[in-house]
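Chain by chain, the residues run as shown.
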Amino acid sequence: MSHTFTAIDFETAQGKRWSICQVGLVRIENGQITEKINKLVCPPDNAYFYRNIEIHGIRPQDTCHAPTFKSVWNEIKSYIENQTVVAHNGAFDFSCLRHTLDYYRVEQPTYQQQCTLKIYKKDLATLCREHKIQLNHHDALSDALACAELYLRALRN
């Protein structure tokens, strides 16, 4: 396993996996952070479900002038396509990416998926407490940074 990868996290505006409202991305090359991307995204129709707002605190007024995911994709595609991509609970984040790209009729990238939840078998908040990793849970960039650190630790062991 390589010490070069991309960690991602998505927050969604509602129960639909294509409703991404925040992207957090951390690029690790040779074990070092080389890029951090934190973007608010306007989900389709800027529609939110109140329970999602309660989880991450992002509201329609925060994203009404933000770019769509289709625009953000152009910025992040090179960090995902043909790369190793790591997420905590990858089943959620990778399906968000797939469903959102389908929604915008964008071709699916090829990439290798890794999941720190499968590696550690514990939720992100618990792992961060146990490993003394700083976490502002449900902020996409903070979650991606924590995931990157956990994956690096797994690679070293």
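Check the entry above for the structure.
The residue count restarts for each chain, going from 1 along the sequence in the order it is written. Restriction of local features to residues with pLDDT of at least 70 applies here, the model being predicted, together with a cutoff of 80 or more for giving and counting side-chain atom pairs; totals for whole chains, interfaces and linings are based on all residues. Water and hydrogen atoms play no part in the side-chain values, which are based on all heavy atoms of the structure.

With respect to the pattern of salt bridges
Put simply, the test is: In what follows, salt bridge is the name for a side-chain nitrogen of Lys or Arg lying within 4 Å of a carboxyl oxygen of Asp or Glu. Only protein chains enter the calculation, and the probe is 1.4 Å; a residue is then buried if its accessible area is under 20% of its type maximum, exposed if over 50%, and partly exposed in between. Helix numbering and strand numbering both begin at the N terminus, where a helix is a DSSP run of H or I of at least 4 residues and a strand a DSSP run of E of at least 2.
A complete count under the given rule lists five salt bridges for this structure. Across the salt bridge formed by Glu29 and Arg27, the nearest N and O atoms sit 3.3 Å from each other. By relative accessible area, which is 6% here, Arg27 ends up buried. The shortest N-O distance in the salt bridge between Glu149 and Arg153 comes to 2.7 Å. Of this pair, Glu149 and Arg153 both sit in helix H7 (residues 140-156), four residues apart, roughly one helical turn. With a relative accessible area of 25%, Glu149 lands in the partly exposed category. For Arg153, a relative accessible area of 25% gives the class partly exposed.

Quick look at the sheet that holds strand S1 (residues 5-12)
To keep things clear, this is the line we draw: The pairing criterion is simple: DSSP has to find at least two bridges between the two strands. A fitted line through C-alpha atoms represents every axis, and for helices the fit uses only the stretch in contact; the resulting angles, taken between N-to-C directions, go from 0 to 180 degrees. Should any heavy atoms of two residues lie within 4.5 Å, those residues are counted as being in contact.
The strand order across the open sheet formed by five strands is S3-S2-S1-S4-S5, and the pairing between neighbours is mixed. Because the sheet does not close on itself, it has two edges, and the strands there are strand S3 (32-40) and strand S5 (112-115). Adjacent strand axes in the sheet meet at a mean angle of 25°, parallel and antiparallel pairs treated alike. Bridging between S1 and strand S2 (residues 20-29) involves eight bridges; their strand directions are antiparallel. From the neighbouring strand, Ala7 faces S2, where its bridge partner is Val26. Most of the contacts of helix H4 (residues 90-103) go to S1, to which it runs at about 75°, and overall it touches S1, S2, strand S4 (84-87) and S5. Across the sheet, H7 lies against S1, S2, S3, S4 and S5, angled at about 35° from S2, the strand it touches most.

Examining the packing of helix H6 (residues 124-131) against H7
To keep it simple, the criterion reads: Convention used here: angles under 35 degrees read as roughly parallel, angles over 145 as roughly antiparallel, angles from 65 to 115 as roughly perpendicular, and any remaining angle as oblique. Left-handed is the label given to a crossing in which the near helix is rotated counterclockwise from the far helix by less than a right angle, and right-handed is the label when the rotation is clockwise. Throughout, the ten residues Ala, Val, Leu, Ile, Met, Phe, Trp, Tyr, Cys and Pro are labelled nonpolar, Asp, Glu, Lys and Arg are labelled charged, and all others, Gly among them, are labelled polar.
At a minimum axis separation of 11 Å, H6 and H7 run at an interaxial angle of 60°. Put simply, H6 runs oblique to H7. The chirality of how H6 crosses H7 is left-handed. Across the interface between the two elements, Leu124, Leu127, Cys128 and His131 of H6 pack against Asp143, Ala146, Leu150 and Arg153 of H7. In terms of residue class, the contact of H6 with H7 is built from five nonpolar, one polar and two charged.

Here's the deal with the pairing of S2
Across the ten residues of S2, nine count as buried, placing the element largely inside the fold. Examined bridge by bridge, S2 and S3 share eight bridges and lie antiparallel to one another. What sits directly across from Val26, in S3, is Lys36. The turn linking S2 back onto S3 is made up of two residues, and Asn30 within it adopts a positive phi angle of 50°.

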